[in-house]
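# Remarks on the overall topology
Each chain, written out:
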Amino acid sequence: MRSLQARIVLTTMVLLLVVCAVVGVGAALSLRHYLTQQLDQEVTRTLGFVANPPDGADGRRPPPPDAGGGFGGGDSPTSRIEVRSVDGRVVSAVALGGFRSSDQAIALADVAPVLAVTPTGNDPGDPSDRPRVETIDLPGLASSYRLSAREADDGSVVYYGISTGRMDATVGSLAVYETIIFGGGVLIAGVIAAFATRRTLRPLHRVSATARRVSELPLERGEVRLEDRVPEADADPRTEVGQVGAALNRMLEHVARSLAARQESETRVRQFVADASHELRTPLAAIRGYSELARRRTGDVPDEVGAMLERVGSQTERMTLLVEDLLLLARLDAGRPLARQPVDLARVVVDAVSDAHATSPQHHWALDLPADEGAEDVMVIGDPERLHQVVANLLANARTHTPGGTNVVVELSREGHEVRLVVRDDGPGIAPDLLPHVLERFARGDAGRARTTGSTGLGLSIVSAVVTEHGGTVEVTSVPGDTRTSVRLPAAPIRAELALR
């Protein structure tokens, strides 16, 4: 937003600067043209008086009283010069001093360039004899002169010029004043434009603030109350910013309705899963009990029926695990509070690895735990039963999806204010297309193998849900020969810190 404001102010100042430059240059050129015309008129009028003095005048005489005025000449002694030549040779050169000062002689070499000016005749009616005024540079005197030449009655050629110094100074002063005035005007206009732009864009800032607050809301899960709206004053459709605000409000209304519908649907699904899982526990327990009772009397039934009863029992156990997992996930989704107490994660890991070794002795299980004196560093605050389930699920996942003889290592350490649990194995790894979804519910890499092994596809999703409920994170990386599941949990304060408190 600030960059937009800066661009508007900068664009305004640049445009105004261009306009001021065009106006300033045009004014200076116009003034110079006007002053040049005035100077040329003065040169031609005075040249006629000097070349052909009125009757009764004895030779040269000073210029008329107004010759010292105007924008030509100046205070320099050589601001007005009169040069005479005969047969292309300068015979005299003087600086006219006017009525208040006497004439001064000028070195003939300093005025030699005036001979390049073509003189006019004495017939004013002849267009070719009209006086021509040219700019001549005389480095030995002033910088430049507006000079004209005319033939006198005695056959000599008279050159008369007026220095452009005062005219140049006037135009230069105008340029300086324009620079100061226009520069100040551009700066003042920039300040006013910045203030006006900020005031104009203030509603847009409020619209942006509303959008930013909405973008920071956790919309991915749970019940979301999307109450932020653009104020009515900033949602007036008669203005451009108001149209943006009104469009944002309409979008937020649509998003809010969609989120409410999504939440209602999720709530119904979760409630259904929870209710169904809860209601299924009783008939599953009855089926399991009857199947176990029937298996105790296998001697009274054919072998084929006994095998069927064994199959019914195993499938009942698998379905019971599935129902229990679904019920746990439903409770976690509903935000049921977990127990909060100090948990020695090292003891949890040791017990879980011992159970895994007993369940699958064909795998090679290893532990990498902190030293005994650092055991308190891996204490966390949480639900011991659920944390044990996290470790058990990770080990079961490694056992289920790797062949016998696979090395499974469990590492436990503290890093800063976190406890890090890593379960890694050197098995075949997880398929790249499954890896991004491995923490989702019912994610399976091999459906056929999952049915054989009894996997429900909910193990890692339960790990993710429980760890998230404890304020931690789960990360899974996998390449052939190195699959790692890293769990990070907030560490509990060590005993020394508790003693200080």
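Model, not experiment: these values are computed from the prediction.

Turning next to the overall build of the chain. Tallying secondary structure elements over the chain gives 9 helices and 13 strands in all. Burial status across the chain gives 35% buried among its 501 residues. Contacts in the chain between residues at least 24 apart in sequence constitute 66% of all its contacts with a sequence separation of at least 6. For the chain, the accessible surface area stands at approximately 28,700 Å², while carbon and sulfur atoms represent 56% of it.

For the chain, per-residue confidence averages 78 on the pLDDT scale, and residues scoring 70 or more make up 79% of the total. Scored below 50 in pLDDT, residues 447-452 makes 4 contacts in the model with residues more than four places away or belonging to other chains. Across residues 496-501, confidence stays below pLDDT 50; counting only partners more than four residues off in sequence or on other chains, it has 2 contacts.

Sheet architecture is open: 5 strands sit in the order 8-10-11-13-12, paired in mixed fashion. Of all the strands in the sheet, just strand 8 (364-368) and strand 12 (473-479) have a single pairing partner and so form its edges. Strand after strand, the sheet turns through a mean of 15° between neighbouring axes, direction not considered. Pairing geometry for strand 8 and strand 10 (residues 407-415), over 5 bridges, is parallel. Counterpart to H364 in the pairing with strand 10 is N407. Taken strand by strand, helix 5 (residues 345-359) contacts strand 8, strand 10, strand 11 (418-425) and strand 13 (482-490), and its axis lies near 170° from that of strand 8.

On to empty space enclosed by the protein, then. If you walk through the whole model with that rule in mind, you get 1 cavity of 30 Å³ or more. Every element with two or more residues in the lining of the largest cavity is listed here: helix 6 (384-400) and strand 13. Counting residues per element, the lining of the largest cavity draws most heavily on helix 6, at 3 residues. The residue inventory of the lining of the largest cavity, partitioned by class, reads 8 nonpolar, no polar and no charged.

This brings us to the pairing of strand 2 (residues 89-95). For strand 1 (residues 80-86) and strand 2, the ladder comprises 6 bridges, and the chain directions are antiparallel. When the bridges of strand 2 are listed, E82 appears paired with V94. Two successive antiparallel strands, strand 1 and strand 2, enclose a turn made up of 2 residues, where D87 displays a positive phi of approximately 55°. Looking at chain direction, strand 2 and strand 3 (residues 104-105) are connected through 2 bridges and run antiparallel. Bridge pairing in strand 3 places V94 opposite A105.

Further remarks concern a nonpolar patch on the surface. A grouping of L10, V14, V18 and V22 is seen on the molecular surface, where their side chains present a nonpolar patch of about 360 Å² in accessible area. Within the element layout of this structure, V14 appears in helix 1 (residues 2-51).

On to the pattern of salt bridges. For the structure on display, the rule yields 10 salt bridges. A salt bridge links E415 to R488; its shortest N-O distance comes to 2.8 Å. Highlighted residues: E415 in strand 10 and R488 in strand 13, separated in sequence by 73 residues. Within the structure, one salt-bridge network assembled from shared partners comprises E415, E418, R420 and R488.

Before going further, it helps to examine the pairing of strand 12. Only one face of strand 12 is covered, namely the face carrying V474, V476 and S478; the face carrying T473, E475, T477 and V479 is uncovered. Here strand 12 pairs with strand 13 via 7 bridges, running antiparallel. By the bridge assignment, V476 is partnered in strand 13 with T485. In textbook terms, the turn of a hairpin is the stretch between consecutive antiparallel strands, and for strand 12 and strand 13 this stretch comprises 2 residues, one of which, G481, has a positive phi near 95°.

Here the focus is the packing of helix 5 against helix 6. In contact at an axis separation of 9 Å, helix 5 and helix 6 are set at 35° when each is read in the N-to-C sense. Classified by chirality, the crossing of helix 6 by helix 5 is right-handed. Residues L345, V348, V349, D351, A352, V353, D355, A356 and T359 of helix 5 form the contact with helix 6, whose own contacting residues are L387, H388, V391, A392, L395 and R399. Looking at side-chain class alone, the contact of helix 5 with helix 6 contains 10 nonpolar, 2 polar and 3 charged residues.

Counting 38 residues, the largest nonpolar core has L345, L394, L395, L412 and L421 as its most contacted members. Elements with a contribution of two residues or more to this core: helix 4 (303-333), helix 5, helix 6, strand 10, strand 11, helix 8 (459-469), strand 12 and strand 13. Among the elements that take part in this core, helix 5 stands out by supplying 7 residues, more than any other. Counting residues in each nonpolar core, the second largest holds 17 residues, with V90, V114, L138 and A149 among its members.

Another point: the environment of L322. Tracing the backbone through its elements, the reader meets L322 in helix 4. Between the alpha carbons of L322 and G459 there is a distance of 9.9 Å; along the sequence they are 137 residues apart.

Moving on, we get to the sheet that holds strand 2. The strand order across the open sheet built from 6 strands is 3-2-1-6-5-4, with neighbouring strands paired in antiparallel fashion. A strand with exactly one partner marks an edge of an open sheet, and here the two such strands are strand 3 and strand 4 (134-136). In the sheet, strand 1 pairs with strand 6 (residues 157-163) via 6 bridges, with the strands oriented antiparallel. Following the sheet pairing, R80 is matched in strand 6 by I162.

A separate point is the side chain of S156. Inspection of the secondary structure assignment puts S156 in the loop between strand 5 (145-151) and strand 6. Those residues within four positions of S156 in sequence are excluded, and the remaining contacts are R84, S85, V86, R150 and E151.

Let us now look at helix 6. Between its first and last C-alpha, helix 6 extends 24 Å over 17 residues, near the 24 Å set by a 1.5 Å rise per residue. Among all positions in helix 6, only R386, L387, Q389, V390, V391, N393, L394, L395 and A398 are buried.

The next thing to look at is the packing of helix 6 against helix 8. Direction vectors running N to C along helix 6 and helix 8 enclose 150°, while the axes themselves pass 9 Å from each other. As summarised for this structure, helix 6 and helix 8 are arranged roughly antiparallel, according to the angle between their axes. In terms of crossing hand, the pair formed by helix 6 and helix 8 is left-handed. Listed contacts from helix 8 to R386, Q389, V390, N393, L394 and N397 of helix 6 are G459, L460, I462, V463, V466 and V467. Within the contact of helix 6 with helix 8, the residues separate by chemical class into 7 nonpolar, 4 polar and 1 charged.

Thresholds, definitions, all that
Residues numbered from 1 in each chain as written. Predicted model: local features only at pLDDT ≥ 70, side-chain atom pairs only at ≥ 80, totals over all residues. Heavy atoms only, no water. Helix = DSSP H or I, 4+ residues; strand = E, 2+ residues; numbered from the N terminus. Buried < 20%, exposed > 50% of the residue type's maximum accessible area, 1.4 Å probe, protein only. Contact = heavy atoms within 4.5 Å. Areas by Shrake-Rupley, 256 points an atom, 1.4 Å probe, with all protein chains shown as cover. pLDDT = per-residue confidence, 0-100. Pairing = 2+ DSSP bridges. Axes fitted to C-alpha atoms, helices over the stretch in contact; angles between N-to-C directions. 1 Å grid on protein atoms, 1.4 Å probe; cavity = no way out; pocket = protein on both sides within 12 Å on 5 of 7 lines; lining within 4 Å. Points joined across faces, edges and corners; volume = space filled by probe spheres on them. Nonpolar A, V, L, I, M, F, W, Y, C, P; charged D, E, K, R; others polar. Patch = residues over 30% accessible without salt bridge, like charges linked within 9 Å, V, L, I, M, F, W, Y side chains within 5 Å. Salt bridge = Lys/Arg side-chain N within 4 Å of Asp/Glu carboxyl O. Left-handed = near helix turned anticlockwise from the far one by under 90°. Core = buried A, V, L, I, M, F, W, Y, C linked by side-chain atoms within 4.5 Å. Expected span 1.5 Å × (residues − 1). Parallel < 35°, antiparallel > 145°, perpendicular 65-115°, else oblique.

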